[in-house]
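# Results of the structural survey
Here are the chains, one letter per residue:
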Amino acid sequence: MRNNKNKAPNLITLYGMPSACNLKQLSPFVVKVEMALIYLELEYEVKHTSLTKIPLLSPTGKVPWIRVGNVTLSESDSIIAFLNDKACGALFDGLTNDQQVLGLALKRLTEDHLYWLMVWAKWISDTSRAALAESLFNQYPRPIKMMISAVTKRLISARCKSQGIGSMNEEERGNEAVKDLSALSDQLQKMPFLLGSDITVYDFSVAAMLSSITFFKPCNWLSDVAKDYSIFPEYLERVRDRLGGYEFVQV
């Protein structure tokens, strides 16, 4: 978080989830927006909002959302578009049509498919879900935490089933994860960043998701699969350095 003692009128406040399970920010979509803010060198602050308050405070009932003066904006893609306009197109400047087509395809693979595998791995596994409940609801007595955990599992299971991932068996989900991670690995083997020698807006989506899978503790079946791809830690280190030492994990 940038340290701003005196808030300027155009200071951007980014609202996200708390730190949990070794991740500085639990939501990869918040990480994506924060990386864009850093890349564009915009003044901002991050406010961590408890899960119980997000439905009450967020315009969409989820993170991220931002506030700039009296303006509130939600949904990560809408926020990215807003930041791009604010920076006179800097997020997409110089990208060829072919690069934008490939970047969009990899972004959607990551955010619309791999994301749901990650959600299933974190929230349906008893070990991962217990660790999340302990981190996010530690202010509640154990019986309340167990009840919240059980309700969360049912809600997420239903959402994953409507999306399709939840209707698969364990082997099918594993195969889908290998397909997604192999596609990303193959692309990242070709060049330092997703589309070339320098970071682009599409790296924010991919790096945010890979970091949320790779650095999550305790390990789950998806993070174990990701360990087979040595390019991911190397890539995330390059992203970290390019953004001035951005930390994906709790420090």
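First, a word on what this report is: a plain description of the structure on this page. (Residues numbered from 1 in each chain as written. Predicted model: local features only at pLDDT ≥ 70, side-chain atom pairs only at ≥ 80, totals over all residues. Heavy atoms only, no water.)

This part takes up the pattern of salt bridges. Evaluated as defined, the whole model comprises 15 salt bridges. For lysine 62, the salt bridge is made with glutamate 75, and the minimal N-O distance between the two is 3.4 Å. Linking lysine 62 in the loop between helix 2 (54-57) and strand 3 (65-68) with glutamate 75 in the loop between strand 4 (71-74) and helix 3 (76-86), this pair joins segments that are 13 residues apart in sequence. Arginine 240 is paired through a salt bridge with aspartate 241; the nearest N and O atoms lie 3.4 Å apart. Residue arginine 240 is classed as partly exposed on the basis of its relative accessible area of 23%. Owing to a relative accessible area of 47%, aspartate 241 belongs among the partly exposed residues under this scheme. (Salt bridge = Lys/Arg side-chain N within 4 Å of Asp/Glu carboxyl O. Helix = DSSP H or I, 4+ residues; strand = E, 2+ residues; numbered from the N terminus. Buried < 20%, exposed > 50% of the residue type's maximum accessible area, 1.4 Å probe, protein only.)

Here the focus is the sheet that holds strand 4. Pairing in this open sheet of four strands is mixed, and the strands run 2-1-3-4 from one edge to the other. With partners counted over all chains shown, the strands left at the sheet margins are strand 2 (44-48) and strand 4, one partner each. Adjacent strand axes in the sheet meet at a mean angle of 20°, parallel and antiparallel pairs treated alike. Bridge analysis of strand 1 (residues 12-16) against strand 2 gives five bridges, and the strand direction is parallel. Opposite threonine 13, over in strand 2, you have glutamate 45 as the bridge partner. (Pairing = 2+ DSSP bridges. Axes fitted to C-alpha atoms, helices over the stretch in contact; angles between N-to-C directions.)

Here the focus is the pairing of strand 4. Taken together, the four bridges between strand 3 and strand 4 define a ladder with antiparallel strand orientation. Pairing of isoleucine 66 across the sheet is with leucine 73, part of strand 4. Where strand 3 folds back onto strand 4 in an antiparallel hairpin, the turn is made up of two residues, including glycine 69, whose phi is positive at roughly 60°.

Let's shift gears to the layout of surface pockets. Here the largest pocket is characterised by a volume of approximately 1,100 Å³. Those elements that place two or more of their residues in the lining of the largest pocket are helix 1 (28-39), helix 2, helix 3, helix 4 (97-123) and helix 6 (142-163). Counting residues per element, the lining of the largest pocket draws most heavily on helix 4, which supplies 10 residues. Looking at the lining of the largest pocket residue by residue, the classes come out as 19 nonpolar, six polar and nine charged. Lining the second largest pocket, in full, are Asp126, Arg129, Ala130, Ala133, Glu134, Arg142, Lys145, Met146 and Ser149. (1 Å grid on protein atoms, 1.4 Å probe; cavity = no way out; pocket = protein on both sides within 12 Å on 5 of 7 lines; lining within 4 Å. Points joined across faces, edges and corners; volume = space filled by probe spheres on them. Nonpolar A, V, L, I, M, F, W, Y, C, P; charged D, E, K, R; others polar.)

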